[in-house]
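Residue-level structure breakdown
The chain contents come next:
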Amino acid sequence: MLTLDSEVQYLKGIGPRRSRAFAKLGIKTLEDMVTFFPVQYQDRTNVISIKDICEQLQGCIFGRVGKNYERVFSQGLCLLDIEIFDDVSMLHARFFRKKNPYFNIDIFAALKKSFAIGAFVYIYGDVKIERGIKFIVVNDYEIVKNYNDKSLSFNKIIPVYSATEELNQKFIRNTVKNVLDTTGGLYPDMSNLIPDFKSIPKLKSSFAVQKIHYPDTLEEAENARRAFALQEFFVLESALSLSRNNVKKNPKIQRYKIRKTLLTAFKNNLKFEFTKDQRKAINEIFFDMQSIYPMNRMLMGDVGSGKTVVALSAVLFVVENRYQTMIIAPTEILAEQHYLTVSNILAGLDIKTVLATSSELKKKSEREKILAGFENGDIKIAIGTHSLIEERIKFKNLSLVVVDEQHRFGVMQKLAALGKAQSPDILMMTATPIPRSLAMTIYGEMDMTTIMQLPPGRIPVKTYSSNEQTAYKNAIAELKKGNQVYIVYPLIDESDKLALKSAVQESERLSQTWFKDFKVGLLHGKMKPSQKNDTMKKFKNKNLDVLISTTVIEVGIDVPDATIMIIQNAERFGLSALHQLRGRIGRSSKQSYLYLIGNLKSVNARRRFSIMISTNNGFKIAEEDLKLRGPGELIGTIQHGFPEFKAGDLIKDADIIEFTKNSAEKVIADDPNLSKDKNNILRKLIHKRFSDKIKLINVG
Ligand code: ADP
Ligand code: MG
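Residues numbered from 1 in each chain as written. Chains lettered and ligands numbered in written order. Predicted model: local features only at pLDDT ≥ 70, side-chain atom pairs only at ≥ 80, totals over all residues. Heavy atoms only, no water.

1. Some points on the sheet that holds strand β4 (residues 90-98)
In sheet architecture, strand pairing relies on hydrogen bonds along the backbone and comes in two forms, parallel and antiparallel. Put simply, the test is: We call two strands paired when DSSP finds no fewer than two bridges between them. By definition, any uninterrupted DSSP run of H or I lasting at least four residues is a helix, any uninterrupted run of E lasting at least two residues is a strand, and each is numbered from the N terminus. Interaxial angle, 0 to 180 degrees, is taken between N-to-C directions of lines fitted to C-alpha atoms, where a helix line uses only the stretch in contact.
Taking strand neighbours around the barrel as the criterion, the 5 strands line up as β2-β3-β4-β6-β5 in a closed arrangement whose pairing is mixed. Each adjacent strand pair in this sheet contributes to an overall mean axis angle of 50 degrees, direction not counted. Examined bridge by bridge, strand β5 (residues 120-130) and strand β6 (residues 133-144) share 11 bridges and lie antiparallel to one another. Residue pairing across strands places V127 opposite I136, the latter belonging to β6.

Okay, here's the thing in structure tokens:
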């Protein structure tokens, strides 16, 4: 017998070829099939009489078939017109086909057979008029035997699926309908577990599923979608709540006490006071760390908001207590920068800090010393990249893991990092501020701290849409004041040789023309890490005035005297990338300028430029990005492996997310292992959906 877990290939009429085609749409099982929801609907509720139908209208007609006419045009384009009569009028139903002129086959044979004279037919299509003659270009049709016969796909609202070359609309529609009729009713239901919410009707899930595909009205479709989304988010929030519980349930090994030996020296070494938000963040972090359960916290803050010093406070707190800590960053440059910051702050104090990037670990003598130092506990602070999560790296008593720019790491990489310690305190950092509802679903298993304010005295970067002349002239004026300039080329793919070549050539041209009186450096992803570091260091130490770069500078780099950035072909960047890049300037109390140079033919590009010009607020930009790109893509860039939703919509359903978070928490508080009978279905659904995604969940 077929169940929702049965594979698509066991359906009648679906062989290996079609099941592969369905797999491409993400459909492997019958459950996938019934939750393959329409992307839109065709309203075929009204069948219009032929005399009332107008040009430019999409609509349905019903009538009897009359004679047909064929025509062949050049290049094998063929046309079939069929007369359709209703009570009072007639119009032509038109089909187009293309045929190979070398084969003499009747391309319309099957159609002519179906459209036998006198047959009754429903037609959906686009109405057009040419030379006074009205016709309908057929999009879909259905022949019925008798005048009164009920139609399968007319007189109702019809789902439209995202079809492919291999699977056309009609085939998908029939297959889904078929599966809905046989197994749709088996869809597990939890509607009784979820409290009433707003106007969302209490629908059994199997009924909601039916109605999303075949609603009676468009309003009913939306209600059914919300009802299904409610269940979808409830399962997600329950999973997140369980995983939060799980993290907290096991007391940690490490214990810290505030000793102020290092922390005081650190504060005195800083040239500034912490902002209010930074102080609040540090307090929350220290509070978590002194709890008997491991910390699991996300520190969110716009570029330049000063997350590093907050993280370093936590690092020093650990070292004060004689444990080890590690900071991992997505690039060598960034790791090195952290290393320099830490070294400066700890100058004169006897704390062993090591930079353990891949290039450092390459040197054999160094490597052995470093690995031994980690393992015997001599090295207190390990700073590195992915290098730190390699198998061979072992620690004696690692207790805090800091992940900078965490969205650059995959889920598995983060888990590998956490695997280096027994019960690590975790501090993740991200400079991709996102709207609250999104944050709640994406980082729902973590506590969250947000730094909203920038350090005092920061002047917002001024952003302009510009041309090269203006941008270069202004850049030279800034250079003469002793400031520095970034020029960025978009290399979406760092291995794109042609694009790289043009960036390299362009940098040579610029260094010989506009910027011939200044020291110009080049930075790109294909350079050796040591070369990259070298160039970056030169720029930081002001041995270079202009840095021409691909997007490798996107994250984290801190060069306060860089006050101008010019982005070439800026139309190729998404909003988040532009905002991240802009975060490289405006890092001091001097006025900074961003010049966007690009091709503004596309509406979307113009919109992005104008958003960049009008605001410096990362949250606002993320929201706009969400609107322009849709959540799927944005989430993709924020976190790999995040679940997609069948019916739920992260923007439209923000209220549902908030509601299910609370109601799921209550269910989990009442039944922390989901062992009660009434929670059986919930437990199974969580397991099915998330066991591979959220590793910390421990339900069977
Ligand atoms: P991000 O949050 O983007 O990682 P950083 O931690 O790199 O930002 O900080 C950006 C710059 O601001 C650094 O040069 C840092 O020294 C400086 N900074 C951080 N906090 C303050 C503060 N409270 N007052 C002044 N400058 C600060
Ligand atoms: Mg940073």
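2. Examining a positive patch on the surface
Where we set the bar: Two joining distances apply to patches: 9 Å for like charges and 5 Å for nonpolar side chains (Val, Leu, Ile, Met, Phe, Trp, Tyr), and every residue must have over 30% relative accessible area and no salt bridge. Throughout, the Shrake-Rupley method with a 1.4 Å probe supplies accessible areas, and for residues the shown protein chains are the sole cover considered. Any Lys or Arg side-chain nitrogen found within 4 Å of a carboxyl oxygen on Asp or Glu counts as a salt bridge. Charged-residue counts in this description rest on Lys and Arg as positive and Asp and Glu as negative, His and the chain ends being excluded. The location of each charge is read from NZ of Lys, CZ of Arg, CG of Asp or CD of Glu.
Taken together, the side chains of K260, K267, K276, R279 and K280 make up a positively charged region of the molecular surface. Turning to its location among the elements, K260 is positioned in the loop between α6 (218-249) and α7 (261-269).

3. Here's the deal with the sheet that holds strand β19 (residues 562-567)
Put simply, the rule reads: Any two residues whose heavy atoms approach within 4.5 Å are treated as being in contact.
Across the sheet, 6 strands lie side by side as β15-β20-β19-β16-β18-β17; this open sheet has parallel pairing. Each of the sheet's edge strands pairs with one partner strand only, and the pair in question is β15 (462-465) and β17 (520-523). Each neighbouring strand pair of the sheet contributes to a mean axis angle of 15 degrees, computed without reference to strand direction. Relative to strand β18 (residues 546-549), strand β16 (residues 484-488) is paired through 4 bridges, and the arrangement is parallel. Residue pairing for β18: V485 is matched across the bridge by V546. On the sheet, helix α19 (residues 603-614) packs against β15 and β20 (593-596) and is oriented at approximately 155 degrees with respect to β15.

4. What about the domain arrangement of the protein chain?
Basically, it comes down to this: Delimitation of the domains relies on an automatic or database domain assignment.
Partitioning the protein chain into domains gives domain 1 (1-42 + 171-181), domain 2 (46-155), domain 3 (263-451) and domain 4 (462-615). Computed from C-alpha atoms alone, the centre-to-centre distance between domain 1 and domain 4 is 49 Å.

5. A word on the pairing of β5
Pairing geometry for strand β2 (residues 58-72) and β5, over 7 bridges, is antiparallel. By the bridge assignment, Q58 is partnered in β5 with D126. Where β5 folds back onto β6 in an antiparallel hairpin, the turn is made up of 2 residues, including R131, whose phi is positive at roughly 50 degrees.

6. Some remarks on unusual backbone geometry
So the rule is basically this: Partly exposed residues are those whose accessible area sits between 20% and 50% of the maximum for their type, while under 20% is buried and over 50% is exposed, using a 1.4 Å probe and protein chains only.
Of note in the backbone geometry, R131 takes a positive phi value of approximately 50 degrees without being a glycine. Relative to the elements of secondary structure, R131 occurs in the loop between β5 and β6. Even without a glycine there, the phi angle at R322 is positive, about 65 degrees. Of note, R322 is situated in the loop between α9 (307-320) and β9 (324-328). Looking at R322, the relative accessible area reads 58%, which means it is exposed.

7. A look at the nonpolar core
Rule in force here: Nonpolar cores are built from buried Ala, Val, Leu, Ile, Met, Phe, Trp, Tyr and Cys residues. Side-chain atoms within 4.5 Å join them into one set.
Counting 89 residues, the largest nonpolar core has M326, F374 and L682 as the members making the most contacts within it. Per-element accounting of this core gives the leading share, 12 residues, to α6. Summarising the domain contributions, this core has at least three residues from each of domain 1 (1-42 + 171-181) and domain 3 (263-451). In contact with M326, not counting residues within four places along its chain, are A382, L388, F395, L398, L400, V401, V402, A417 and K420.

8. Some words on the pairing of strand β12 (residues 398-403)
Along β12, 6 of the 6 residues are buried, which leaves the element largely enclosed by surrounding structure. As paired strands, β9 and β12 are joined by 5 bridges and run parallel to one another. Looking at the pairing, I328 lines up with V403 of β12. By the bridge criterion, 4 bridges tie β12 to strand β13 (residues 425-430) in an arrangement that is parallel. Bridge pairing in β13 links V402 to L427.

9. Here's the deal with the side chain of S466
Tracing the chain through its elements places S466 in the loop between β15 and α15 (468-480). If sequence neighbours within four positions are ignored, S466 has contacts with A471, Y595, L596 and I597.

10. Brief notes about the packing of aromatic side chains
Defined as follows: Here a Phe, Tyr or Trp ring, Trp counted by its six-membered ring, pairs with any other such ring whose centre lies within 6.5 Å, and the pair is stacked when the planes are under 30 degrees apart, edge-to-face when over 60, and tilted otherwise. The criterion for a charge sitting over a ring is simple: Lys NZ or Arg CZ within 6 Å of the ring centre, and within 35 degrees of the ring normal.
In the structure shown here, the tally under the stated rule is 23 aromatic pairs. On the basis of an interplanar angle of 80 degrees and a centroid distance of 5.2 Å, the ring pair of F37 and F228 is categorised as edge-to-face. A residue pair is termed long-range when its members are at least 10 positions apart, and F37 in the loop between α2 (30-34) and β1 (40-43) and F228 in helix α6 qualify at 191 residues. The buried category is assigned to F37, whose relative accessible area is 10%. Among the aromatic residues, those joined into a cluster by ring pairs are F62, F120, Y122, Y147 and F154. Its guanidinium or amino end placed over the ring of F154, R44 lies 4.7 Å from that ring's centre, counting from NZ or CZ. The ring of Y141 has K170 lying over it, and the distance from NZ or CZ to the ring centre is 4.6 Å.

11. Regarding α7
Note the threshold: Taking the helix axis as origin, the arc is that swept by the directions to the C-beta atoms.
All of the buried residues in α7 are L262, L263 and F266. Buried residues of α7, seen end-on, are gathered within an arc of 100 degrees and therefore sit on one face of the element. Turned more than 90 degrees off the buried face of α7, the exposed positions are T261 and N268.

12. Regarding the site of ligand 1
As a reminder of what qualifies: Any residue with a non-hydrogen atom lying within 4 Å of a molecule or strand is treated as near it. Any pair of nitrogen or oxygen atoms within 3.5 Å is treated as a polar contact; in protein, a donor-acceptor pairing is required on top of that, and neighbouring residues in sequence qualify only through side-chain atoms on both sides. We call Asp, Glu, Lys and Arg charged. Ala, Val, Leu, Ile, Met, Phe, Trp, Tyr, Cys and Pro are nonpolar, and the rest, Gly among them, are polar.
Taken together, 16 residues surround ligand 1, and among them G304, K307, T308, R458 and D558 come closest. Note that a nitrogen atom of ligand 1 is positioned 2.8 Å from one of the backbone N or O atoms of E273. The side chain of K307 places a nitrogen or oxygen atom 2.7 Å from an oxygen atom of ligand 1. For ligand 1, whose accessible area on its own is 570 Å², the fraction buried by protein is 86%. Class assignment for the residues of the shell around ligand 1 results in 4 nonpolar, 6 polar and 6 charged.

13. A few points about the confidence of the model for the protein chain
Using the following cut-off: Each residue carries a pLDDT score, the predictor's confidence in it, ranging from 0 to 100.
On average, residues of the protein chain carry a pLDDT of 87, and 94% of them reach 70 or more. Taken element by element, the protein chain is modelled with least confidence in helix α21 (residues 631-638), mean pLDDT 53, and with most confidence in β20, mean pLDDT 97. Predicted confidence for residues 695-700 stays below pLDDT 50, and this span has 19 contacts to residues more than four positions away or in other chains.

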